[in-house]
Amino acid sequence: AVVSTQSGHYGRGGSTFRVVSVSLRSGEAPITKSTTLMMENDMKTVSGEILFDHLANCIGNFITSEKLENKDIALGFTFSFPISQHSLSEGVLVRWTKGFQNEGVVGQDVGKLLSDALSKNSVTSRVRMMAMANDTAGTQVSGALAHANCHGGFIIGTGSNACYTERVENVTALKNCNEENVIINLELGNFGELGHLDDILTKHDRHLDEQSSNPGKQLYEKMISGLYMGEMVRLAVVDRRDKFTGVFPDQLLTPDLLDGADVSDFISDGNNVKAKLGGVSDADVQLIQNVCHSVSNRAARLTAAGVHAMWLKRNKQDFVVAVDGSVYLKHATFAEVMKDALRELGTGVSLVTASDGSGLGSALIASTS
């Protein structure tokens, strides 16, 4: 049995933690079973020990519910944060992102933290940590199951990141590696830290960044991902309050009132604006929808630019990129605007959806370790 874990989010009250079991048989499609568990926002600030105990208990409960206690389990751990990976099953957390601030984890091997928590919480001894994978790498690997030319992975959900296949000879940090290719985790969400986005940052981008838990970091991610999309819309709408024809809804003065799901809902149907904000005039609903479109379209086009950069790095060779993440999968317009932008750029990349791809990919990596 192969079990993988992954985290995700699409607004509305915290993050999710998924546990997935994958049955692999030669020549057959993988059979998956999964459970999705909510992690409330306060879990982002508890100690690292409490966090990993919680994850271990979730895994243990899933193993029990699926009656896997007597099976040997190869565990793949999808960890969606920047790590310095020293081996397939070891990775040291460089820093937290996406609002997580759990103490005692940065600088530690998170694979060992999870293994220790599994032992501490008496989860079956037949679980073996076999692989850690960034969610983008898992997504690329799962995409390669159906598309041999899949050489990229992109996550656009709570946060954002990408990876791609690079020839080992071009990776100076790797010594004595006998492989021909390697997957490079770009940590693309941190693009902009050295000032490359300064010319296009708006006052709302700067304000959002200053009020975040990691000022000056993850600037590209803050411009495109679901965790920040609702607040960006709120800031822009408040800035236009003098253009309202009716009564301005004062609840919009509350930080983080909106999330990424609200933005998509507002675009889909103006009645959702009224349901969330109360008695808003039709003209003001249109104003809010226009802001939602502007923020969403900018995010989708900037995401397309990231994919285009990967294509350029691979010398304009056509290839497939597997995409996962709540914003890409669930937002009303994001995916189509992103594809339109890629066509406009002339990018030789085909996007394929890899729903839950990071969990499947992590399991595949664990099974071959």
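Residues numbered from 1 in each chain as written. Predicted model: local features only at pLDDT ≥ 70, side-chain atom pairs only at ≥ 80, totals over all residues. Heavy atoms only, no water.

### As for the overall build of the chain
Scanning the chain from N- to C-terminus turns up twelve helices and twelve strands. Against the globule reference of 21 Å for 369 residues, the chain gives a C-alpha radius of gyration of 21 Å, in line with a compact fold. Overall, the C-alpha framework of the chain stretches about 65 × 45 × 40 Å when taken along its three principal axes. By residue count, 53% of the 369 residues in the chain fall in the buried class. (Helix = DSSP H or I, 4+ residues; strand = E, 2+ residues; numbered from the N terminus. Rg over C-alpha atoms; globule rule 2.2 N^0.38 Å. Buried < 20%, exposed > 50% of the residue type's maximum accessible area, 1.4 Å probe, protein only.)

### Here's the deal with the sheet that holds strand β12 (residues 349-353)
Pairing in this open sheet of five strands is mixed, and the strands run β10-β9-β8-β11-β12 from one edge to the other. Of all strands in the sheet, those with a lone pairing partner are β10 (181-185) and β12, marking the two edges. The sheet shows a mean angle of 25 degrees between the axes of neighbouring strands, direction not considered. Two elements, strand β8 (residues 150-156) and strand β11 (residues 319-324), share five bridges in a ladder whose sense is parallel. Each bridged residue has a counterpart across the sheet, and for F154 the counterpart in β11 is V323. (Pairing = 2+ DSSP bridges. Axes fitted to C-alpha atoms, helices over the stretch in contact; angles between N-to-C directions.)

### Notes on the pairing of β11
Looking along a regular strand, one sees the side chains alternate between the two faces of the sheet. With six of its six residues buried, β11 lies for the most part within the structure. Burial of β11 is two-sided: the residues F319, V321 and V323 facing one way and the residues V320, A322 and D324 facing the other way are all buried. Where β11 and β12 come together, five bridges link them in parallel fashion. Paired with F319 across the bridge in β12 is V349.

### Quick word on helix α11 (residues 334-345)
Taking 1.5 Å of rise per residue, twelve residues should cover 16 Å, and α11 covers 17 Å from first to last C-alpha, within 8% of that figure. Considered for burial, the residues of α11 that qualify are F334, A335, V337, M338, A341 and L342. For α11, the buried positions fall inside an angular range of 165 degrees around the axis, keeping them on one side. Facing away from the buried surface of α11 by more than 90 degrees, the exposed residues are R343 and E344. Its buried side turned inward, α11 meets β8, α5 (219-224), α9 (282-313), α10 (326-330) and β12. Positive backbone phi, at 75 degrees, marks G346, one or two positions downstream of α11. (Expected span 1.5 Å × (residues − 1). Arc of directions from axis to C-beta. Contact = heavy atoms within 4.5 Å.)

### Quick look at the pattern of salt bridges
Overall, the coordinates contain 19 salt bridges when judged by the stated rule. Between K274 and D282 there is a salt bridge, with the nearest N and O atoms lying 2.6 Å from each other. In this structure K274 comes out as partly exposed when scored by relative accessible area, which is 30%. Looking at D282, the relative accessible area reads 58%, which means it is exposed. In this structure, the salt-bridge partner of E344 is R301, at a minimum N-O distance of 3.1 Å. Of the two residues, E344 sits in helix α11 while R301 sits in helix α9, which places them 43 residues apart along the sequence. Residue R301 is classed as partly exposed on the basis of its relative accessible area of 41%. A cluster of three or more residues bridged by salt bridges with shared partners is formed by E49, D53 and K120. (Salt bridge = Lys/Arg side-chain N within 4 Å of Asp/Glu carboxyl O.)

### Overview of the packing of α9 against α11
Working note: a packed helix pair is described by the angle between its axes plus the distance between those axes. Between α9 and α11, the shortest axis-to-axis distance is 8 Å and the interhelical angle comes to 50 degrees. One element, α9, and the other, α11, form an angle in the oblique class. Considering how the two elements wind past one another, α9 and α11 form a crossing that is right-handed. Residues S296, N297, A299, A300, R301, T303, A304, A305, V307 and H308 of α9 form the contact with α11, whose own contacting residues are F334, V337, M338, A341, L342, E344 and L345. (Parallel < 35°, antiparallel > 145°, perpendicular 65-115°, else oblique. Left-handed = near helix turned anticlockwise from the far one by under 90°.)

### Here's the deal with unusual backbone geometry
Phi at K67 takes a positive value of approximately 55 degrees, unusual for a residue other than glycine. The residue K67 is located in the loop between α1 (48-65) and β4 (73-78) in this model. Residue K67 is classed as exposed on the basis of its relative accessible area, which comes to 67%. You will see that D256, though not glycine, has its phi angle at about 60 degrees, which is positive.

### Concerning the side chain of N102
By the element assignment, N102 lies in the loop between β6 (90-93) and α2 (110-120). According to the relative accessible area criterion, N102 is buried, its value standing at 2%. Within polar-contact distance, the side chain of N102 engages the backbone oxygen of M43 at 2.8 Å. Among residues more than four places away in sequence, those in contact with N102 are M43, K44, T45, V46, S47, G48, L51 and W96. (Polar contact = N/O pair within 3.5 Å; in protein donor to acceptor, adjacent residues only side chain to side chain.)

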